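Each chain, written out:
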Amino acid sequence: MKLLRVGSVGTERPALLDEDNTLRDLSGIVPDIDAGLLADEAAFTRVREAAAAGRLPELAAGTEAGAARVGPPLSRIGKVVCIGLNFHDHARETGAAIPGEPIVFMKAPDTVVGPDDTVLIPRGSEKTDWEVELAVVIGRPARYLASHDEALACVAGYAIANDVSERAFQIERGGQWDKGKNCETFNPLGPWLVTADEVPDPQALTMRLWVNGELRQDGTSADQIFPVAEVVRYLSHFMTLYPGDVISTGTPAGVAMGQPEPKPYLREGDVVELEIAGLGRQRQVMKSA
């Protein structure tokens, strides 16, 4: 299933995109797409049965819920855990050594915005960068997992994330990476939460990103140093993962930081578009905060 949330900020309605690319209203079956739904097998079954039986009403264009805006596909996110330098080609382009263990940092849930929402370049920023990433959404508690099979069984689905980063804040201002990762709007997510059954191999997904129409990132999740199953297993030994948590699993080569001088960092008016095979497409216009 492709689950999403549509409507203006704060009033999004749960929806499903069916096989005919028709938007269907889920609000009569579930109140929202959130941790409660992900953890409730019975609710998921009701959604599947209603979709299969054709009982879901179409969202009419022009209504509040059927408006053009698509919000983040998940509400009330618990935590956003990110993996740095998780692609061989990205590590090479930045001159970094291949990490022996996953590099872990956090993004605040309030950085999450819709897939096509405006991204704000922070005041004082000179090095705002892009990162197309495969996001993993947790659907059941994960604690001290022993195997990759156990890890994948905890995954509810997948989505696209843009791990927007301010490199000077991240690297040159001291302390941890968090200062360059947690600026407002720095985590566009969606458009859909694609359930895990529709992504049989998360290590076989093409990942692309364009800036002003120029292809900048063209990679594949097969190049991940630590694959999705290992990332989930590994994290479960350092923190408990709960339904509604999101993991961003790293970016392929092609970020601005890895380009020759003058590096093409983002400026007001730039347009970023990104896609992952089967997970949809995002588009953001940059604006000064």
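Calculation notes
Every chain's residues receive numbers from 1 upward, in the order its sequence appears when written. With pLDDT at 70 or above as the cut-off, local features in this predicted model cover only qualifying residues; side-chain atom pairs require 80 or more to be listed or tallied, and sums for whole chains, interfaces and linings still use all residues. Only hydrogens and water are set aside when side-chain values are computed; all heavy atoms of the structure are taken into account. Only protein chains enter the accessibility calculation, which uses a 1.4 Å probe. A residue is then buried if its area is under 20% of the maximum for its type, exposed if over 50%, and partly exposed in between. Numbering of helices and strands starts at the N terminus; helices are DSSP runs of H or I of at least 4 residues and strands are runs of E of at least 2. DSSP bridges decide pairing: two strands pair if at least two such bridges lie between them. UniProt positions are given in the numbering used here, feature names are shortened, and annotations may be inferred rather than shown by experiment. The salt bridge criterion pairs a side-chain nitrogen of Lys or Arg with a carboxyl oxygen of Asp or Glu, the two atoms within 4 Å. Residues count as neighbours in contact if any of their non-hydrogen atoms are within 4.5 Å of one another.

Chemist: Describe in detail the pairing of strand 4 (residues 80-84), supporting the description with residues and values.
Modeler: When you tally the buried positions in strand 4, you get five out of five residues, the bulk of the element. Here strand 4 shows no split at all, with Val80, Cys82 and Gly84 on one side and Val81 and Ile83 on the other all buried. Looking at chain direction, strand 4 and strand 5 (residues 103-107) are connected through five bridges and run antiparallel. Its bridge partner being in strand 5, Val81 is matched across the sheet by Met106.

Chemist: Please give an account of the UniProt feature "domain: Fumarylacetoacetase-like C-terminal" (unreviewed entry) in the protein chain that cites residues and values.
Modeler: The feature "domain: Fumarylacetoacetase-like C-terminal" (unreviewed entry), as given by UniProt, occupies residues 79-284 in the numbering adopted here. From the first C-alpha to the last, residues 79-284 spans 23 Å; its make-up is 13% helix and 32% strand.

Chemist: Residues and numbers for the pattern of salt bridges, please.
Modeler: Under the counting rule described, the total for this entry stands at 24 salt bridges. When the shortest N-O distance is used, the salt bridge between Asp32 and Arg76 registers 3.6 Å. Taken together, the residues span a long stretch of sequence, with Asp32 in the loop between strand 3 (23-25) and helix 1 (35-38) and Arg76 in the loop between helix 2 (41-52) and strand 4 at a distance of 44 residues. Judged by relative accessible area, Arg76 falls into the exposed class, the value being 59%. The residue Asp197 makes a salt bridge to Arg48 at a minimum N-O spacing of 3.2 Å. Of this pair, Asp197 sits in the loop between strand 13 (193-195) and strand 14 (206-211) while Arg48 sits in helix 2, and the two are 149 residues apart along the sequence. What makes Arg48 partly exposed here is its relative accessible area of 36%. What emerges from the salt-bridge pattern is a single network uniting Arg5, Glu12, Asp32, Asp34, Arg69, Arg76 and Asp117.

Chemist: Give me the lowdown on the pairing of strand 9 (residues 132-138), citing residues and values where you can.
Modeler: Counting buried positions along strand 9 yields seven of seven residues, so the element is predominantly enclosed. Pairing between strand 9 and strand 16 (residues 246-248): three bridges, direction antiparallel. In the strand pairing of strand 16, Ala135 is matched with Ser248.

Chemist: Which residues make up helix 6 (residues 228-235), and what values do they have?
Modeler: At 3.6 residues per turn, the α-helix brings residues three or four places apart onto the same side. Burial of helix 6 is extensive: seven of the eight residues sit out of reach of the surface. Of the residues making up helix 6, those classed as buried are Val228, Ala229, Glu230, Val231, Val232, Tyr234 and Leu235. Here the buried face of helix 6 lies against strand 4, strand 5, strand 9, helix 4 (148-153), strand 10 (155-162) and strand 16.

Chemist: Which residues make up unusual backbone geometry, and what are the values?
Modeler: Put simply, Gly190 and Pro191 share a cis peptide bond, and its omega is 20°. With respect to the element layout, Pro191 can be found in the loop between strand 12 (187-188) and strand 13. Cis rather than trans, the peptide bond between Glu261 and Pro262 has omega equal to -5°. Tracing the chain through its elements places Pro262 in the loop between strand 16 and strand 17 (271-276). Phi at Thr185 is positive, roughly 70°, even though this residue is not glycine. Positionally, Thr185 belongs in the loop between helix 5 (167-172) and strand 12. On the accessibility criterion, Thr185 (11% relative accessible area) is buried.

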